[in-house]
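These are the residues of each chain, in order.
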Amino acid sequence: MKKIALISHGCAKNLVDSELILGVLKQNGYEITLDETETDIVIVNTCSFICDAERESISSIVEMVDKGKKVIVAGCLAQKHVDELKREIPELAGIIGATDFTKIVEIVKAVEGGKYKEIVSEIPNYIYPENIERQQITMGASSYLKIADGCSYRCGYCVIPFLRGNYHSRKMEDVVNEAKELVKKGVTEIILIAQDTTGYGVDIYKKPMLSELLKELNKIEGLMWIRVMYAYPTQMTDELLTTIAECKKCVKYVDIPLQHSHPEMLKLMNRPSFDYRPMVKNIRKLIPNVSIRTAFIVGYPGETEEHFEHLCEFVKEMKFDRMGVFCYSREKGTASYSMKPQVPKRIAKARYKKLMEIQQQISKERNQNMVGKTLPCIIEAFSDDGEVIARTEYDAPEIDGVVNIKTDKYVVPGDIELVKITSATEYDLEGVIE
């Protein structure tokens, strides 16, 4: 049986695609591995959201080519830069676009026969392959569940619609069935992802259906936590917030990337331009003890000192529980690429530093308030020095903080234990199992 290796880059949505690629290969009789030393054919599933992600993907491709591997480039970089890839790395064995991955076997068979093959749809259209069983790369307490892909918004900085096409939801029964299968495999936390989770269902049911989906998932026996990522400001309805508050399995956590606070900047970004303060206050009112995560872009074309100071004051006032900041990345194909004036990188980096320092203090105060409280925590892993690594419901895996626990008690990843918080830093907590 022929072995195929895969290297995966990028976001959680890309990780699911990597697992689907492995599912297609397994379904067609291939043995799969994450160790490229075991085979001569390597698939690199790439990210192309920002320049840094592209560099990381290209580094992997070049490394594998230098090792003499037959490299197939998949994903967003392949979709965005197919001609450049062929020209700059002529040794490539094959290229497959971001929404064409179900045809990976055609590429692999050609490569096995010593022929270069390329499948890249000119107009990408992401339809989730319901007949493929994901072969999970990371199995543990948590699993991502993609409920839609593509995007019908046209934010000024974002290339995703051009790489993955317009928004496509999965049918609710398919999502629920996959969730049940994940729980059978031992998953206790399911994390719903899409380019915009709150738009789920609009394309196939003609109205937002995330509330209904959450209610159905809430019924699954053995599932402990449901987490929603990537919400959109205009879709934070009272109905959705009330559903999150009332469904016991929905963690009280809202991830809503706002990108900026100043209405002029939001217009330039082609984002919903309104005062976000009432919305944030409403989230906190309808979901008691909620943790709100957001993200902002600094250095977007046209951002003045006044715009940035507005953002700083907004962050100080709203006191978000979790926050990410990104320096604007100029991407070809986006509306912002040719906008003027472009903000110098040194200014963007200085703004990034200042905003993160503001948030660091907020985060430290919020974490200090957790000391003395007993919180349910999901067990994730064990550190090299014997500590247990866990997360509260207020923290998403990999992007938020962790709880480091010292205990002699036998615990199992995926279990939810009551942990008394004993100390806190800016981002992480320490505790003991009650």
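Look a little higher up for the structure.
Residues numbered from 1 in each chain as written. Predicted model: local features only at pLDDT ≥ 70, side-chain atom pairs only at ≥ 80, totals over all residues. Heavy atoms only, no water.

1. Quick look at the packing of helix H10 (residues 238–246) against helix H12 (residues 277–286)
- One can describe the packing of H10 onto H12 by two numbers: an axis separation of 9 Å at closest approach and a directional angle of 35 degrees. For the pair H10 and H12, the crossing hand works out as right-handed. For the pair formed by H10 and H12, the contact residues are Asp238, Leu241, Thr242 and Ala245 on the first element and Asn282, Ile283 and Leu286 on the second.
- Its residues assigned to classes, the contact of H10 with H12 comprises four nonpolar, two polar and one charged. (Axes fitted to C-alpha atoms, helices over the stretch in contact; angles between N-to-C directions. Helix = DSSP H or I, 4+ residues; strand = E, 2+ residues; numbered from the N terminus. Left-handed = near helix turned anticlockwise from the far one by under 90°. Contact = heavy atoms within 4.5 Å. Nonpolar A, V, L, I, M, F, W, Y, C, P; charged D, E, K, R; others polar.)

2. Quick word on helix H13 (residues 305–318)
- The first and last C-alpha atoms of H13 sit 20 Å apart over 14 residues, in line with the 20 Å expected at 1.5 Å per residue.
- Every buried residue belonging to H13 is among His307, Phe308, Leu311, Cys312, Phe314, Val315 and Met318, and all of these are buried. For H13, the arc enclosing every buried residue in end-on projection is 160 degrees, short of the 170-degree limit, so these residues lie on one face.
- Contacts from the buried residues of H13 go to helix H11 (263–268), H12, strand S13 (291–298), strand S14 (322–327) and helix H14 (345–368).
- A positive backbone phi angle near 50 degrees is found at Lys319, which sits one or two residues after H13. (Expected span 1.5 Å × (residues − 1). Buried < 20%, exposed > 50% of the residue type's maximum accessible area, 1.4 Å probe, protein only. Arc of directions from axis to C-beta.)

3. Describing the sheet that holds strand S4 (residues 70–75)
- The strand order across the open sheet formed by six strands is S2-S1-S3-S4-S5-S6, and the pairing between neighbours is parallel. On the outer flanks of this sheet lie strand S2 (31–33) and strand S6 (117–119), each paired with one strand and no other. When the angles between neighbouring strand axes are averaged without regard to direction, this sheet yields 20 degrees.
- As paired strands, strand S3 (residues 41–46) and S4 are joined by six bridges and run parallel to one another. Across the sheet, Ile41 pairs through a bridge with Lys70, a residue of S4.
- Lying on the sheet, helix H2 (residues 51–66) is in contact with strand S1 (3–8), S3 and S4; it crosses S3 at an angle near 170 degrees. (Pairing = 2+ DSSP bridges.)

4. Considerations on H2
- With 16 residues, H2 extends 22 Å from end C-alpha to end C-alpha; this agrees with the ideal 22 Å at 1.5 Å per step.
- Looking at H2, one finds that the buried residues are Ala53, Glu54, Ser57, Ser60, Ile61, Met64 and Val65. In an axial view of H2, the angular spread of the buried residues amounts to 135 degrees, which keeps them on one side of the axis. Set apart from the buried face of H2 by more than 90 degrees, the exposed residues are Arg55 and Asp66.
- The secondary structure elements touched by the buried residues of H2 are S1, S3, S4, helix H3 (76–80) and helix H4 (82–88).
- Downstream of H2 by one or two residues, Gly68 has phi in the positive range, about 85 degrees.

5. Considerations on the packing of aromatic side chains
- Taken as a whole, this structure holds eight aromatic pairs when the rule is applied.
- Ring geometry for Phe314 versus Phe320: centroids 5.7 Å apart, planes at 55 degrees, classification tilted. Like Phe320, Phe314 is buried.
- Each residue in the set Tyr157, Tyr300 and Tyr328 is aromatic and connected to the rest through ring pairs, giving one cluster.
- Here Lys13 stacks its cationic end above the ring of Tyr230, 3.7 Å away from the centre of that ring.
- Over the aromatic face of Tyr253 sits the side chain of Arg227, whose NZ or CZ is 4.6 Å from the ring centroid. (Phe/Tyr/Trp six-rings, centres within 6.5 Å; stacked < 30°, edge-to-face > 60°. Lys NZ or Arg CZ within 6 Å of the ring centre and 35° of its normal.)

6. Quick notes on the pairing of S3
- Of all the six residues making up S3, six are buried; the element is thus mostly covered by neighbouring parts of the structure.
- Neither face of S3 is left uncovered, since the one carrying Ile41, Ile43 and Asn45 and the one carrying Val42, Val44 and Thr46 both have all their residues buried.
- Where S1 lies against S3, four bridges are found, and the strand directions are parallel. The residue bridging Ala5 from the neighbouring strand is Val42, located in S3.
- Handedness of the β-α-β unit built from S3, H2 and S4 comes out right-handed. (Right-handed = clockwise from strand over helix to strand, strands pointing away.)

7. Brief notes about the environment of Arg87
- You can see Arg87 is positioned in helix H4.
- Sequence separation between Arg87 and Asp385 is 298 residues, and the spatial gap between their C-alpha atoms is 48 Å.

8. Things to note about the pattern of salt bridges
- Within the structure shown, the criterion is met by 38 salt bridges.
- For Lys3, the salt bridge is made with Glu38, and the minimal N-O distance between the two is 2.9 Å. Highlighted residues: Lys3 in strand S1 and Glu38 in the loop between S2 and S3, separated in sequence by 35 residues.
- Overall, Lys3 belongs to the partly exposed group, its relative accessible area being 23%. (Salt bridge = Lys/Arg side-chain N within 4 Å of Asp/Glu carboxyl O.)

9. Brief notes about the nonpolar core
- Grouped together as the largest cluster of nonpolar side chains are 57 residues, with contacts concentrated most on Leu192, Leu213 and Leu355.
- Setting aside residues no more than four positions away along its own chain, Leu192 makes contact with Leu145, Ile147, Thr197, Leu210, Leu213, Leu214, Leu217, Ile226, Arg227, Val228 and Met229.
- Ala74, Ile96, Tyr128 and Ile191 belong to the second-largest nonpolar core, a separate cluster that totals 37 residues. (Core = buried A, V, L, I, M, F, W, Y, C linked by side-chain atoms within 4.5 Å.)

10. With respect to the pairing of S1
- Relative to S2, S1 is paired through three bridges, and the arrangement is parallel. Residue pairing across strands places Ile4 opposite Ile32, the latter belonging to S2.
- With respect to chirality, the unit in which S1 leads through helix H1 (residues 12–27) into the neighbouring parallel S2 is right-handed.

11. Things to note about the sheet that holds strand S10 (residues 189–193)
- Spatially, three strands are ordered S7-S10-S11 in an open sheet, and the strand pairing comes out parallel. Two strands bound the open sheet, and with one partner strand each, they are strand S7 (142–146) and strand S11 (225–228). The mean inter-strand angle of the sheet, taken between neighbouring strand axes irrespective of direction, is 25 degrees.
- Where S7 meets S10, five bridges bridge the pair, whose relative direction is parallel. Among the inter-strand pairings, Lys146 is bridged to a residue of S10, identified as Ile193.
- Packed on one face of the sheet, H1 meets S7 and S10 and runs near 90 degrees to S7.

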